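The primary structure of each chain is shown beneath.
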Amino acid sequence: MSAEIYFSNNYRDLCERNGTGAGFQFEFSCSRCYDTWRSPFEPYAGERAATWLRKGVDVAWGMLGRTGTGLTSAADGLAGAGYGRSRDEAFQRAIDNAQGHFNRCARCTDYVCGRCWNAAQGLCLRCAPDTAAEAMAAQQRGLNDMASQRAYAAGQQAGQGYDPSTQRQLVCPQCRTETHGAAFCSGCGHRLAQSERCTSCSAVVPDGAAFCPGCGSRR
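Residues numbered from 1 in each chain as written. Predicted model: local features only at pLDDT ≥ 70, side-chain atom pairs only at ≥ 80, totals over all residues. Heavy atoms only, no water.

Draft legend 1. View of the environment of Cys 185. With respect to the helices, strands and loops of the structure, Cys 185 is situated in the segment after helix H3 (131-158). Taking the C-alpha atoms as reference points, Cys 185 and Val 171, separated by 14 residues in sequence, lie 8.3 Å from one another. Those residues in contact with Cys 185 that sit more than four places away from it in its chain are Cys 172, Cys 175, Thr 177, Thr 179, His 190 and Leu 192. (Helix = DSSP H or I, 4+ residues; strand = E, 2+ residues; numbered from the N terminus. Contact = heavy atoms within 4.5 Å.)

Next comes the structure, spelled out in C-alpha cells:
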C-alpha cells in the first residue's frame with residue numbers, strides 16, 4: 001500500500017470482518033457540503049470461505065455428537081491473518097477511485113465534490129466563491145441592513161411618546177400572568193402598578209389615592 005494516505009479525515013470505514021457478508025467498503029465525504037460517495041463493496045473471500053467451513057464442520061460434527069474446534073480455529077486463523085492486508089489493498093483501490101469524484105483545493109487542501117469546486121480557479125468554492133452568487137448575497141445583505149436601519153429609526157421616533165419613568169408590572173402579582181406593561185391584568189383584572197406622579201401636574205400621588213392632591217385630577 002502507498003505510504004501516502006489521502007482523505008485521512010473525511011472517510012468512514014464500512015468494512016465488515018465477520019460472516020458471509022464480510023467485505024470492504026469505504027465512504028468519502030466532501031469537506032464543504034458533506035455529501036458522500038461510497039466505494040463499490042468488495043467481498044472478503046477469506047472470511048466468507050471460513051464462515052461456510054465453520055458451518056459445514058459444525059453440521060458434520062454435530063451429527064456425530066462431536067465438535068470440530070481444530071478445523072474451525074485453523075480457518076479463523078487463516079481468515080484473520082489475511083484480513084489486514086486485504087483491507088489495506090481495498091482501501092487503496094477505494095482511494096484511487098475516490099480521487100475521480102473529489103478535487104483537492106490548492107489553497108486550503110480540502111477535498112471537495114464537483115458541486116463545490118470552482119474549476120476556473122482551481123480552488124474550492126469556500127476559497128473562491130462564485131461571483132454571481134456572492135453579488136446576489138451581498139445585495140440581499142444590503143437590502144436587509146437598510147430595512148433594519150429604517151425600522152430602527154422608526155422605532156426611535158415612536159419611542160418619543162413612551163414615558164420610561166412610568167412604573168409597570170410585567171407579571172401580575174395575583175395570578176402570575178404576563179401583563180406586557182398594561183394597567184390591568186388580562187388574566188384576572190387586577191389593577192397593576194400605577195405612576196406615582198399625576199399625569200396632569202406631575203405631583204406625587206400617594207398610594208391608594210383616587211385623586212391628585214395637587215390638582216384634583218382623577219388618578
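Draft legend 2. How the structure looks around the nonpolar core. Core analysis: the biggest nonpolar cluster contains 25 residues, and Phe 7, Phe 24, Phe 26, Phe 28, Cys 30, Ala 98 and Phe 102 have the highest contact counts within it. Of all elements in the fold, only strand S3 (26-29), helix H2 (69-98), strand S7 (111-112) and strand S9 (123-124) reach the threshold of two or more residues within this core. Ranked by the residues each element gives to this core, the list is headed by H2, at 6 residues. Each residue touching Phe 28, except ones within four places of it in the same chain, is listed here: Phe 7, Asn 10, Tyr 11, Asp 35, Thr 36, Trp 37, Phe 91, Ala 94, Ile 95, Ala 98 and Phe 102. (Core = buried A, V, L, I, M, F, W, Y, C linked by side-chain atoms within 4.5 Å. Buried < 20%, exposed > 50% of the residue type's maximum accessible area, 1.4 Å probe, protein only.)

Draft legend 3. Region of the structure containing the state of the cysteines. Using the criterion set out here, one finds 0 disulfides in the structure. The closest cysteine sulfur to the non-disulfide-bonded Cys 212 is located on Cys 201, 3.5 Å from its own sulfur. Looking at the unpaired Cys 215, the closest cysteine sulfur is the one in Cys 201, lying at 3.7 Å. The exposure class assigned to Cys 215 is partly exposed, which follows from its relative accessible area of 40%. (Disulfide = S-S within 2.5 Å.)

All we've got here are geometric facts, nothing functional implied.
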